[in-house]
Amino acid sequence: MSIAKTLLTRCDSKCELCGSTNSLAPFAVPPKTDITVDNCVMICDTCTTQIEDADKMDVNHWRCLNDSMWSQVPTVQVISYVLLSKLASESWAQDALDMMYVEEDVKEWAEKALLSDGEKPRDVNGVELKKGDDVTVIKDLPVKGTNQVIKQGTVIRGISLGDDPRLVSGKANGGQSMYVIAEFCRKK
């Protein structure tokens, strides 16, 4: 059975956060990035959009967390804890967070997710870098373990992001893939 089908069976074809049945897709719970049954929740487009873009967050939409926080699924517990923590300035969210009980390993995962969420790879100007962006190297950078240098002005196309928010990876000059410190780049 595929991951998506397993998740749909687990959630009874409803968003594991708000209960919507529209446009469901797996969402990897940070700081995990791989799509597996144990790392994902099945959520709707509305929840995904609001999680990925804090500016689009509708506080009233997240009142659904009063129900989802009691889920027996650890990934649902983690994402509920994270979202309630972000909404803690709302009295109802703080009350729910105070009532919520999670196992120690689940709380540890949620704390890591909260820490990783604040750290996004940023270029020299503080602009957030995202997967697929093109960047320009702003100064000559030695390549660790070799005598090569990535020259200032080199364009790295279609960067990838890893677990370390300080680093981006990509191929420079069509060569071998390498990691570059994000703050030594400028988004194109």
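Computed from a prediction, not measured in an experiment: that's the story for all the values here. (Residues numbered from 1 in each chain as written. Predicted model: local features only at pLDDT ≥ 70, side-chain atom pairs only at ≥ 80, totals over all residues. Heavy atoms only, no water.)

A. Expanded view of the overall build of the protein. In terms of helices and strands, the protein carries 6 helices and 9 strands. Viewed in the frame of its principal axes, the protein has a C-alpha envelope of about 55 × 40 × 30 Å. In the protein, which comprises 188 residues, the proportion classed as buried is 37%. Put simply, of all contacts in the protein between residues at least 6 apart along the chain, 54% involve residues at least 24 apart. Approximately 11,000 Å² of the protein is accessible, and the part contributed by carbon and sulfur atoms is 48%. (Helix = DSSP H or I, 4+ residues; strand = E, 2+ residues; numbered from the N terminus. Buried < 20%, exposed > 50% of the residue type's maximum accessible area, 1.4 Å probe, protein only. Contact = heavy atoms within 4.5 Å. Areas by Shrake-Rupley, 256 points an atom, 1.4 Å probe, with all protein chains shown as cover.)

B. Inspection of the sheet that holds strand β7 (residues 167–172) at higher detail. Taken in spatial order, the 5 strands of this open sheet run β8-β7-β6-β3-β9, and their pairing is antiparallel. At either end of the open sheet lies a strand with only one pairing partner, and these are β8 (177–181) and β9 (185–187). Averaged over neighbouring strand pairs, the angle between their axes works out to 45 degrees when direction is ignored. Note: strand β3 (residues 135–137) against strand β6 (residues 155–161), 2 bridges, orientation antiparallel. What sits directly across from Val135, in β6, is Ile156. (Pairing = 2+ DSSP bridges. Axes fitted to C-alpha atoms, helices over the stretch in contact; angles between N-to-C directions.)

C. The arrangement of the environment of Leu83 in detail. Among the structural elements, Leu83 can be located in helix α4 (residues 74–86). Sequence-wise, Leu83 and Trp62 are 21 residues apart; in three dimensions their C-alpha atoms are separated by 8.1 Å. Apart from residues no more than four positions distant in its own chain, Leu83 is found in contact with Leu17, Ile51, Met57, Trp62 and Leu65.

D. Examining unusual backbone geometry more closely. A cis amide bond, omega 0 degrees, links Pro30 with the succeeding residue Pro31. The topology assignment puts Pro31 in the loop between β1 (25–28) and β2 (40–43). With a phi close to 60 degrees, Ser13 is a non-glycine residue in the positive phi region. Note that Ser13 resides in the loop between α1 (3–11) and β1. By relative accessible area, Ser13 is classed as partly exposed at 39%.

E. The arrangement of the layout of surface pockets in detail. Computed from the structure, the second largest pocket encloses a volume of approximately 270 Å³. Every residue lining the second largest pocket is listed: Leu141, Pro142, Val143, Lys144, Thr146, Ile150, Met178, Tyr179, Val180, Ile181 and Phe184. Breaking the lining of the second largest pocket down by element, the ones donating at least two residues are β4 (141–142) and β8. Ranked by the residues each element gives to the lining of the second largest pocket, the list is headed by β8, at 4 residues. Considered class by class, the residues forming the lining of the second largest pocket number 9 nonpolar, 1 polar and 1 charged. (1 Å grid on protein atoms, 1.4 Å probe; cavity = no way out; pocket = protein on both sides within 12 Å on 5 of 7 lines; lining within 4 Å. Points joined across faces, edges and corners; volume = space filled by probe spheres on them. Nonpolar A, V, L, I, M, F, W, Y, C, P; charged D, E, K, R; others polar.)

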